[in-house]
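Observations on the model geometry
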Amino acid sequence: ALQLALCPRLGSHGILTMTIAAYKSAGTPASVTTGTCTPTWPTHVAGDFALLIAEGNNTDFGAAPSGWTSLGRVPGNVGALEVWWKFAASGSETNPGITPTSPNHTYANIHTFTNVHATQPIHGQVNCDVITASVGRCPGLTTAVDDCLIFAVAAWNIDSAGPLAS
């Protein structure tokens, strides 16, 4: 699991705008047991910030999908969690494909945000520790910038499990 701080856009002359970074929507998730996992983008416009989140069982997700920047693999005791980000260049982005090596399952989804800072979209990141298969520990994430949105990402690597949290 990890936490990310998404901070607001700057207006002219480096002054913060009155709009804050905000969650917009989630796309249609994809799940496969072999091959390429291709989640679909939610409705979006140029400039929206997107996080592509993938979870798998002890897998390497390979190279970042075209146009996406990796935040790296989040350490876990059995499963794998990786997050990539990008700004939408248009309202009709291509759905990314993730082709992991040796998966027994891969699950991925895209989440979009609006009013995210264009040159430093992620102001802070902390990874969480896995204590057991069902217990984790996350340190607090503090930012030096007002009005940042803290977005937590967590995955549960048990094939037959339902949602970890809602």
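By convention here, each chain's residues receive numbers from 1 onward along its written sequence. Only residues with pLDDT of at least 70 get local features here, since the model is predicted, and only at 80 or more are side-chain atom pairs given and counted; chain-wide, interface and lining totals rely on the full set of residues. Water and hydrogen atoms were dropped before computing side-chain values, which therefore reflect all heavy atoms in the structure.

What about the pattern of salt bridges?
Here, a salt bridge means any side-chain nitrogen of Lys or Arg that lies within 4 Å of a carboxyl oxygen of Asp or Glu. The tally for this structure, following the rule as stated, stands at 2 salt bridges. A salt bridge links Asp48 to Lys24; the shortest N-O distance between them is 2.6 Å. Here Asp48, found in the loop between strand S3 (30-32) and strand S4 (49-57), pairs with Lys24, found in strand S2 (residues 22-26); they are 24 residues apart in sequence, far enough to count as distant. Note that Glu93 and Lys86 form a salt bridge whose closest N and O atoms lie 2.8 Å from each other. Comment: elements are numbered from the N terminus, with helices defined as DSSP H or I runs of at least four residues and strands as E runs of at least two.

Digging into the side chain of Lys86
Within the secondary structure layout, Lys86 lies in strand S6 (residues 79-87). Given a relative accessible area of 12%, Lys86 falls into the buried group. Within polar-contact distance, the side chain of Lys86 engages the side chain of Glu93 at 2.8 Å. Should any heavy atoms of two residues lie within 4.5 Å, those residues are considered in contact. Once residues within four sequence positions are removed from consideration, Lys86 is found in contact with Trp41, Asp48, Phe49, Ala50, Gly67, Trp68 and Glu93. Relative accessibility decides the category of a residue: with a 1.4 Å probe and only protein chains considered, values under 20% of the type maximum give buried, values over 50% give exposed, and everything between is partly exposed. Definition of a polar contact: a pair of N or O atoms within 3.5 Å, with one able to donate and the other able to accept a hydrogen when the atoms are protein atoms, and with sequence-neighbouring residues admitted only if both atoms are side-chain atoms.

Side note on the environment of Lys24
Residue class for Lys24 comes out partly exposed when judged on its relative accessible area of 36%. Note: C-alpha distance between Lys24 and Thr43 (19 residues apart in sequence) is 9.0 Å. Leave out the neighbours within four places in its chain, and Lys24 touches Thr43, His44, Val45, Asp48, Thr112 and Phe113. At 2.6 Å, the side chain of Lys24 and the side chain of Asp48 are in polar contact.

What about unusual backbone geometry?
Glycine aside, negative phi is the norm for most residues, and most peptide bonds take the trans geometry. We note that Asn115 has phi near 60°; this positive angle belongs to a residue other than glycine. With respect to the element layout, Asn115 can be found in the loop between strand S7 (106-114) and strand S8 (122-127).

A word on the nonpolar core
Put simply, a nonpolar core is a bunch of buried Ala, Val, Leu, Ile, Met, Phe, Trp, Tyr and Cys residues held in one set by side-chain atoms that sit within 4.5 Å of each other. One finds Leu52, Trp68, Trp84 and Ile98 to be the most contacted residues of the largest nonpolar core, which totals 15 residues. Contributions of two or more residues to this core are made by S3, S4, S6 and S7. Counting residues per element, this core draws most heavily on S4, which supplies 3 residues. Leave out the neighbours within four places in its chain, and Ile98 touches Gly35, Thr36, Cys37, Leu52, Ala54, Phe61, Pro65, Trp84 and Ala108. If you look at the next biggest cluster of nonpolar residues, it comprises 13 residues, including Phe49, Leu71, Val116 and Phe151.

Considerations on the confidence of the model for the protein
On a scale of 0 to 100, pLDDT captures the predictor's confidence in every residue. Averaged over all residues, the pLDDT of the protein is 78; the fraction at 70 or higher stands at 72%. Within the protein, the element-level pLDDT minimum falls on strand S1 (residues 2-6), averaging 64, and the maximum on S7, averaging 91. Confidence drops under a pLDDT of 50 for residues 162-166, and excluding neighbours within four residues, the segment shows 5 contacts in the predicted structure.

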